[in-house]
Amino acid sequence: MNIVVLRKWSPNDKAELIALCNAVDRTYLSDRMPFPYTEEDADWWLGMVGLNEGKKGVFRAITVDGKIIGSVSIERNSGYKNEGELGYMLLTEHWSKGFATDAVMQICGIAFHELNLDKITAKVHDPNIASIKVLEKNGFIIDSHGVTADIKQAVKRSEPPASTTIIAGPCSVESEAQIIATAKALAQIPQVTMLRGGIWKPRTRPDAFEGRGEQGLVWLREAKQESGLPSATEVATPAHVELALKYDVDALWIGARTVVNPFSVQQLADALRGTDVPVFIKNPVSPDVKLWIGAFERFQKAGVKQLAAIHRGFSYYKESPYRNFPLWEIPIELTRQLGVPLITDVSHICGNRELLLPTAQKALDLATDGLMIECHIRPDEALTDAKQQITPDELKAMLSALAFRSKHSGSVERDLAELRGEIDDIDSELLQLLARRMEVSVQIGEYKKQNNVAVVQMDRWKKILADHIETGQDLGLDPELVTSIFEAIHQASIERQSHIMEN
Ligand code: PEP
Ligand code: MN
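All figures in this text were calculated on a predicted structure; none of them were measured in a lab.

### Here's the deal with the overall build of the chain
When you go through the chain residue by residue, the secondary structure sums to 17 helices and 15 strands. Classification of the 503 residues of the chain by burial places 47% in the buried group. Summing over all exposed atoms, the chain offers an accessible surface of approximately 25800 Å²; the carbon and sulfur share of this is 52%.

See the structure below:
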């Protein structure tokens, strides 16, 4: 999977750093970077970065699938302390895949937060169109021009989000001290709107920690009172609903393992009939949009009005770095059909801390209405889902690193994502058709060879092309386009057939 993860440099990166700096295309790089890039150069850089990280700048390795493919940094200007300058490089084979855009987006967020900058600038040599596009996509604006001179671009800190729901809190309520300390810390983060805490935990194997039950509800209510944040928990049975409401839980969610079972969903809908509690419905474990929609219909029929969807990823046969594969098109389809708000549970999608930021950004770009993020005052000691939980401080940093888009641009992105998916499918069909056509052409080549017929038969080709142009015109396709496509295909066929003749 191609997810860009920025990570801090470590002394163990020396060999990869040397390889990167010697392999990277230097056409547009500053000549500050030595060539050939030696072990001493790497020692200097890793030492410099270690000393200055978070002070004079933020410095990150750009990684995909755990491999370093580039470097991106923002360094504080020595003159204007609240301005920083961006620099990045990426191995050529990874250009044009959106990686640089993602890396720049992430580093700007990190720098605005960690260096407390107001403005970030970048220098680009003006023939470097690709880099200009990367910067423009990240909101940089060109502020001076020159034919051969540098183009300076700048981006300013974006406004904090207004209406995004951010639900944060531990996977499980474990103790009074844990939930209260977590809730109080979360209440200090302005974007956080709701406190989550699991009371009954659906565990894959028996004998694991299954939640504190009613005792946990007492602590959750205290945490809510002390922090001022409304609370939410998962319910799986009518008895859970009754208890949760008894202890003033403000919103309930239906877990992924419960939504797969229409009997359970119906019981819960019946238990909530006539109440006005907001209910969030997680997607079922299996990628089945109808099952998910069915759950909404059951609650709608029971008169529950405040409904939202939580996307937490799906159990899926493909191997991936995610704990639960996102299959973004499914929540997009659901919100398109039902028009309910969408909250993205990045913690259960990712299953680890590293992927949280890029995945949350992706969700925001696809116009999610909120995020659910598991937070724990001491994540490593968590009784459930330790690997994916982060501290409230880490959440704060992550939220300031995210680019929250306006609703409008978000829904544009979402529509685009859908259309792009369609284009991808069509392209893949085109490729398969092309491959099949090529196979037939090879068979014709063999036949021509056996029967001593010339490869190119000009009359036949001219007639075919004329026919295709005419058919294309009926379909609204430009004759020039049809000509160039079929000329290219014909040329490739001739080459294959000639090859057969010669061998
Ligand atoms: C949870 O939110 O902690 C949980 C168990 O999630 P899911 O139902 O998505 O697995
Ligand atoms: Mn969890």
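### Concerning the coordination of the manganese ion (ligand 2)
All of the protein donors around the manganese ion (ligand 2) are Cys-171 (SG), His-348 (NE2), Glu-374 (OE) and Asp-385 (OD); their distances to the metal are 2.1 to 2.4 Å. Motif for the manganese ion (ligand 2), donor spacing along one chain: C-x176-H-x25-E-x10-D. Placement of the pair is His-348 in helix H12 (residues 346–350) and Asp-385 in the loop between strand E15 (370–374) and helix H14 (392–401), with a sequence separation of 37 residues. Relative accessible area serves as the criterion here: at 8%, His-348 is assigned to the buried category. Using a relative accessible area of 21% as the deciding quantity, one classes Asp-385 as partly exposed.

### What about the layout of surface pockets?
In this structure, the second largest pocket occupies an estimated 560 Å³ of space. Taken together, 19 residues form the lining of the second largest pocket, with Leu-6, Ile-110, Arg-353, Glu-354 and Leu-357 sitting closest to its centre. If you list the elements that add at least two residues to the lining of the second largest pocket, you get strand E1 (4–8), helix H3 (99–114), helix H13 (356–365) and H14. Looking at the lining of the second largest pocket, its residues break down into ten nonpolar, two polar and seven charged.

### A short note on H13
Along an α-helix, residues three or four apart share an orientation, since each turn contains 3.6 residues. With nine of its ten residues buried, H13 lies for the most part within the structure. Listed in full, the buried residues belonging to H13 are Leu-356, Leu-357, Pro-358, Thr-359, Ala-360, Gln-361, Ala-363, Leu-364 and Asp-365. Immediately downstream of H13, the backbone of Ala-367 shows phi near 70°, a positive value.

### Comments concerning the sheet that holds E15
In space, the eight strands of this closed barrel follow the order E8-E9-E10-E11-E12-E13-E14-E15, with parallel pairing throughout. Neighbour-to-neighbour, the strand axes of this sheet turn through a mean angle of 25°, independent of strand direction. Two elements, strand E8 (residues 165–169) and strand E9 (residues 194–196), share two bridges in a ladder whose sense is parallel. The residue bridging Ile-167 from the neighbouring strand is Met-194, located in E9. With respect to the sheet, helix H6 (residues 214–227) is in contact with E9 and strand E10 (231–234), its orientation differing from that of E10 by roughly 155°.

### Things to note about the pattern of salt bridges
If you walk through the whole model with that rule in mind, you get 17 salt bridges. Between Glu-374 and Arg-196 there is a salt bridge; the shortest N-O distance is 3.3 Å. With Glu-374 in strand E15 and Arg-196 in strand E9, this pair connects stretches of sequence that are 178 residues apart. A salt bridge links Asp-248 to Arg-221; the nearest nitrogen and oxygen atoms lie 3.7 Å apart. A residue pair is termed long-range when its members are at least 10 positions apart, and Asp-248 in the loop between helix H7 (238–246) and strand E11 (251–254) and Arg-221 in helix H6 qualify at 27 residues.

### A closer look at the nonpolar core
One broad rule of soluble globular proteins: the nonpolar side chains tend to lie buried together. Judged by nonpolar contacts, the single largest core of 102 residues is most densely connected at Leu-86, Ile-120, Ile-281, Phe-299 and Leu-395. Among the elements that take part in this core, H3 stands out by supplying nine residues, more than any other. Among the nonpolar cores identified, the runner-up in size contains 18 residues, and Trp-9, Leu-20, Ala-61 and Met-89 belong to it.

### Here we look at the site of ligand 1
Lining the immediate environment of ligand 1, one finds Cys-171, Arg-196, Lys-201, Glu-234, Trp-253, Gly-255, Ala-256, Arg-257, Lys-282, Arg-312, His-348 and Glu-374. Measuring from an oxygen atom of ligand 1, one finds a side-chain N or O atom of Lys-201 at 2.9 Å. Arg-312 places a polar side-chain atom, nitrogen or oxygen, 2.6 Å from an oxygen atom of ligand 1. Alone, ligand 1 offers 300 Å² of accessible surface; in the complex the protein occludes 97% of this. In the shell around ligand 1, the residues fall into three nonpolar, two polar and seven charged.

### Some words on the packing of aromatic side chains
Enumeration over the complete set of coordinates arrives at five aromatic pairs. Taken together, the ring pairs connect Tyr-316, Tyr-317, Tyr-322 and Phe-325 into an aromatic cluster.

### Some remarks on the packing of helix H9 (residues 262–272) against helix H10 (residues 289–301)
Packing of H9 against H10 brings their axes to within 9 Å, and their N-to-C directions diverge by 25°. Taken together, H9 and H10 sit at an angle that is classed as roughly parallel. The two elements H9 and H10 cross, and the hand of that crossing is right-handed. Of the residues in H10, those in contact with Pro-262, Val-265, Gln-266, Leu-268, Ala-269 and Leu-272 of H9 are Leu-291, Ala-295, Arg-298 and Phe-299.

### Description of empty space enclosed by the protein
Any empty space left between atoms is shown by rolling a water-sized probe over those atoms. Counted according to the given criterion, the structure contains one cavity of 30 Å³ or more. There is about 40 Å³ of room inside the largest cavity. Every residue lining the largest cavity is listed: Trp-328, Pro-331, Ile-332, Leu-342, Thr-344, Ala-363, Leu-366 and Thr-368. Among the elements of the structure, helix H11 (329–338) and strand E14 (342–345) are those that each provide at least two residues to the lining of the largest cavity. Across the lining of the largest cavity, the residue classes break down as six nonpolar, two polar and no charged.

### Some points on the pairing of strand E3 (residues 67–76)
The buried fraction of E3 is high, at seven of ten residues. With eight bridges joining them, strand E2 (residues 57–64) and E3 adopt antiparallel strand pairing. Directly across from Thr-63, in E3, lies its bridge partner Ile-68. The hairpin turn running from E2 into E3, its antiparallel successor, is two residues long, and Asp-65 in that turn takes a positive phi close to 50°.

About the criteria used
Residues numbered from 1 in each chain as written. Chains lettered and ligands numbered in written order. Predicted model: local features only at pLDDT ≥ 70, side-chain atom pairs only at ≥ 80, totals over all residues. Heavy atoms only, no water. Helix = DSSP H or I, 4+ residues; strand = E, 2+ residues; numbered from the N terminus. Buried < 20%, exposed > 50% of the residue type's maximum accessible area, 1.4 Å probe, protein only. Areas by Shrake-Rupley, 256 points an atom, 1.4 Å probe, with all protein chains shown as cover. Donors = N, O, S within 2.8 Å, 3.2 Å for Na, K, Ca; no water. 1 Å grid on protein atoms, 1.4 Å probe; cavity = no way out; pocket = protein on both sides within 12 Å on 5 of 7 lines; lining within 4 Å. Points joined across faces, edges and corners; volume = space filled by probe spheres on them. Nonpolar A, V, L, I, M, F, W, Y, C, P; charged D, E, K, R; others polar. Pairing = 2+ DSSP bridges. Axes fitted to C-alpha atoms, helices over the stretch in contact; angles between N-to-C directions. Contact = heavy atoms within 4.5 Å. Salt bridge = Lys/Arg side-chain N within 4 Å of Asp/Glu carboxyl O. Core = buried A, V, L, I, M, F, W, Y, C linked by side-chain atoms within 4.5 Å. Near = heavy atom within 4 Å. Polar contact = N/O pair within 3.5 Å; in protein donor to acceptor, adjacent residues only side chain to side chain. Phe/Tyr/Trp six-rings, centres within 6.5 Å; stacked < 30°, edge-to-face > 60°. Parallel < 35°, antiparallel > 145°, perpendicular 65-115°, else oblique. Left-handed = near helix turned anticlockwise from the far one by under 90°.

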